[in-house]
Protein chains: 2
Amino acid sequence: MQKVAILGIGQTTISEHWEQSLREIAGEAAFAALQDAGLEKVDALYVGNMLSPLINGQNQLGTFIADWIGLWHQEAVKVEAACGSGAAAFRSALMAVAAGEVESALVVGIEKMSDKTGHDITASLATAADADYEVEQGVSFVGLNALVMQRYMHEFGWKHADFAPFSINAHANAMFNPHARLHERITTERFEKSSMVATPINLLDASPIGDGAAAAVIVPASKVASLKNKPRLIVAASASSTDTIAVHSRKDPLFLRAAYTCAKRCYEMACVKPSNLDVFEVHDAFTIMAALSLEACGFAERGKGVQLGLDNEITPKGRIPICTRGGLKARGHPVGATGMYQIVEVAQQLRGECGETQVDGAKIGMAQNIGGSGATIITHILKVD
Amino acid sequence: MQKVAILGIGQTTISEHWEQSLREIAGEAAFAALQDAGLEKVDALYVGNMLSPLINGQNQLGTFIADWIGLWHQEAVKVEAACGSGAAAFRSALMAVAAGEVESALVVGIEKMSDKTGHDITASLATAADADYEVEQGVSFVGLNALVMQRYMHEFGWKHADFAPFSINAHANAMFNPHARLHERITTERFEKSSMVATPINLLDASPIGDGAAAAVIVPASKVASLKNKPRLIVAASASSTDTIAVHSRKDPLFLRAAYTCAKRCYEMACVKPSNLDVFEVHDAFTIMAALSLEACGFAERGKGVQLGLDNEITPKGRIPICTRGGLKARGHPVGATGMYQIVEVAQQLRGECGETQVDGAKIGMAQNIGGSGATIITHILKVD
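Residues numbered from 1 in each chain as written. Chains lettered and ligands numbered in written order. Predicted model: local features only at pLDDT ≥ 70, side-chain atom pairs only at ≥ 80, totals over all residues. Heavy atoms only, no water.

A. Molecular detail of the relation of the copies chain A and chain B. Between chain A and chain B, the superposition needs a rotation of 180° and an axial shift of 0.0 Å, giving an RMSD of 0.0 Å. Expressed as a symmetry operation, the mapping of one chain copy onto the other fits a two-fold axis. Looking at the rotation axis and the C-alpha trace of chain A, the residue lying nearest is Ala99 of chain A, at 2.0 Å. Comparing contact sets, 100% of the residues at the interface of chain A also lie at the interface in chain B, consistent with an isologous, same-surface contact. (Least-squares fit on C-alpha atoms with pLDDT ≥ 70 in both. Contact = heavy atoms within 4.5 Å.)

As structure tokens, then:
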């Protein structure tokens, strides 16, 4: 498998873009990435998206977006893995470039959620869970995560307030990310007093949805030997793994086994240990997911992920900086686009473009995207070559 | 890119499977393919599906089906390109095996359409067209194809009855395919008297939807050097291309440019000419699509595709046998599964398993899957190695 480099990145602000359609949002990120890469065309387009059939009445999103950005007569396809769709599309593009089938690929993660509201959104998001065994019983997606969080608190003895640092760190970092959905510092007190969504998950445990797109251009690393002003970023590792789709089918619902498997494979591929990572963009759809991800990826023992937050180890100056651009919690979670935001943000860290939340001397970063409640995990390690 | 072989194939009967759920249908084809391949496990699962979010309330279909067939902790993902989803998933699997990232892959095309009926299905299928520019104007998917067929008849002077051979050949061949949805011979007279759907497309121009799944197992060709009883089938070429998603955006709506591009690339990759192909599984969602595909792929001049049917050249004994197992018209069109049925059927021909509709000495076959009205084309050439 030949080495692949990230040549360009682009993203839109995450918000409720009432004035823009799905194709316009996707186009904005796509053109930004192409411009950053200094390319006008690429051989293929891979689109990560979860909800366009349900929310925008549109399928065949690969061709749909290729058409909009003028990329006719090339390959285009959509890849879907629920909220893991963005990274799944990136991985598909990686395979095609690595196989030598395409010389350059554009990956776009896109979600335009404000075309529907309220119950329609809750029902659409529930399609990430098992329709027959979970949703049929009336459980929503946040409800499933609430059950997991409740169990975690019971099992390991944490209080709800102990999860506050995840949310506080994410919000603090998002203050310096112009593309973030929320720009609002929060405190432990406010975290605790926030409205309940599904016990014990309250509004500040949960990430906000939104409209947004993020994109990257990848090429064989051999084609970018001599970049002048930017470090050469390569994809040092990529892995994808699954668990049961229904949470109740797992022997241990508090262990993200697929995340563990992916991280292990990625560490081997990239020849690194967890302690070598300078930044880790986790999939903090809910605070509990940040804790479980840190544990599964080797940064804390089982049941101790929460301690990393309490010890200030997850901030940009800490031992393992997470959510450095705001994470899902404050940058926002346009579901099928999120995995590409994570890739773009790790790239920004490695390029030293993160200003106030820049991790000093960042050379290696990991992005971990989750579909469903830990059901599909796609992990990538990027590094400065 | 390393050479890839097809090690096993499987399929379910296409019907209205009221008694089976989506996962059960997919599982049946998956297990059949694994058994045919003599494998219990594979490294990765690629699922082609178009409508599960809309019809079955289920996203994340890769992991969903991996879970059902016991393929935990491996890679799984869904690929979508409207009615081209099946072949798009096959191509994704091919890239991963060719890149050396996975050693064996299972591809499943699945659609379970009978969970909804009537208008819901028409609206769901319309998501393959452009939501803003076509569907918003009230045009259905069959309506779009009817406009194309009308124009073709006007432009090249054909009568409706001239399209009858496409339908007659498909129905005749399906008589000998136990997995086909329809087992019913038709005549030109019946073709002409069939109920109108959208002028000039009548019921016998149009393919029936249905529930079904088809699957294949692929591995590096180097791993299957010494098969005993079966010929070694390799994927000699693969290509994917797009056109504008809205039909009205094309300079020439009667030319399937993406099909032309794919066929050209495939002929080059496989070092063959159209006349070398022993069998061609076309995407005859409507009779007009069969005619346009034959023209775009070099079997007839522009406007002359219909003549091939009238000259009896498309039957199993003809110059270019198409729809040898019934095609979309009579085998049936479970939309996201269709591309995998085509791959399976070409493989059956090359293995000499087609009985009454076996093409004598078939060694090279092409499968061409279409998403939308010619918007996404994915073409594969298989051959006996």
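B. Structural context of the pattern of salt bridges. Counted under the stated rule, the structure contains 42 salt bridges over all chains. Residue Glu101 of chain A pairs with Arg91 of chain B through a salt bridge whose shortest N-O separation is 3.1 Å. Of this pair, Glu101 of chain A sits in the loop between α4 (85–98) and β4 (105–111) while Arg91 of chain B sits in helix α4 (residues 85–98), on two different chains. Look at Glu101 of chain A and you get partly exposed, because its relative accessible area is 22%. For Arg91 of chain B, a relative accessible area of 4% translates into the label buried. Across the pair Glu103 of chain B and Lys223 of chain B runs a salt bridge whose closest N-O atoms are separated by 3.0 Å. Taken together, the residues Glu103 of chain B in the loop between α4 and β4 (105–111) and Lys223 of chain B in the loop between β7 (212–220) and β8 (233–242) connect sequence positions 120 residues apart. Taking the relative accessible area as the measure of exposure, Glu103 of chain B reaches 39% and is therefore partly exposed. Using a relative accessible area of 55% as the deciding quantity, one classes Lys223 of chain B as exposed. Each of Lys3, Arg232 and Asp385 of chain A takes part in a single network of salt bridges with overlapping partners. (Salt bridge = Lys/Arg side-chain N within 4 Å of Asp/Glu carboxyl O. Helix = DSSP H or I, 4+ residues; strand = E, 2+ residues; numbered from the N terminus. Buried < 20%, exposed > 50% of the residue type's maximum accessible area, 1.4 Å probe, protein only.)

C. Just empty space enclosed by the protein, in detail. Enumeration according to the criterion identifies 5 cavities of 30 Å³ or more in this entry. Space inside the largest cavity adds up to approximately 160 Å³. As for the largest cavity, its lining consists of 18 residues, and the residues nearest its centre are Tyr46 and Ser92 of chain A together with Tyr46, Val77 and Ser92 of chain B. Considering only residue class, the lining of the largest cavity consists of 10 nonpolar, 4 polar and 4 charged. (1 Å grid on protein atoms, 1.4 Å probe; cavity = no way out; pocket = protein on both sides within 12 Å on 5 of 7 lines; lining within 4 Å. Points joined across faces, edges and corners; volume = space filled by probe spheres on them. Nonpolar A, V, L, I, M, F, W, Y, C, P; charged D, E, K, R; others polar.)

D. Structural detail: the pairing of strand β10 (residues 364–371) of chain B. Residue and element names in this part refer to chain B. Across the 8 residues that make up β10, a large majority, 8, are buried. Covered by surrounding structure in β10 are Ile364, Met366, Gln368 and Ile370 together with Gly365, Ala367, Asn369 and Gly371, the residues of both alternating faces. Here strand β9 (residues 279–281) runs beside β10; their pairing, made up of 3 bridges, is parallel. Looking across to β10, one finds that Glu281 is bridged to Ala367. The pairing of β10 with strand β11 (residues 376–384) spans 8 bridges and is classified as antiparallel. Across the sheet, Gly365 pairs through a bridge with Leu382, a residue of β11. Between β10 and β11, which pair antiparallel and follow one another directly, the connecting turn spans 4 residues, one of which, Gly372, has a positive phi of 70°. (Pairing = 2+ DSSP bridges.)

E. Representation of the nonpolar core in the model. Core analysis: the largest hydrophobic core is formed by 149 residues, its most contacted members being Phe163, Phe299 and Ile381 of chain A together with Phe163, Phe299 and Ile381 of chain B. Examining the composition of this core, we find that 8 residues originate from one element, helix α6 (residues 141–156) of chain A, more than from any other. Once you skip the residues sitting within four places of it in the chain, Phe299 of chain A turns out to touch Tyr267, Pro274, Leu277, Phe280, Leu294, Leu308, Arg319, Ile320 and Met366 of chain A. In this structure, Ile6, Val344 and Leu382 of chain A together with Val97 of chain B belong to the second largest nonpolar core, which totals 82 residues. (Core = buried A, V, L, I, M, F, W, Y, C linked by side-chain atoms within 4.5 Å.)

F. Structural context of the layout of surface pockets. In this model, the largest pocket occupies a volume close to 800 Å³. What lines the largest pocket is a set of 38 residues, among which Leu125, Ala206, Ser207, Pro208 and Ile209 of chain B lie closest to the centre. When contributions to the lining of the largest pocket are tallied by element, the ones reaching two or more residues are α5 (118–125) and α6 (141–156) of chain B. If one sorts the elements of the lining of the largest pocket by residue count, α5 of chain B sits on top with 4 residues. Along the lines of polarity and charge, the residues of the lining of the largest pocket split into 21 nonpolar, 10 polar and 7 charged. When its volume is computed, the second largest pocket comes out at roughly 590 Å³. Surrounding the second largest pocket, 32 residues form its lining, Leu125, Ala206, Ser207, Ile209 and Phe286 of chain A being those nearest its centre. If you tally residues by element for the lining of the second largest pocket, the top one is helix α5 (residues 118–125) of chain A, at 4 residues. For the lining of the second largest pocket, the residue count by class is 19 nonpolar, 10 polar and 3 charged.

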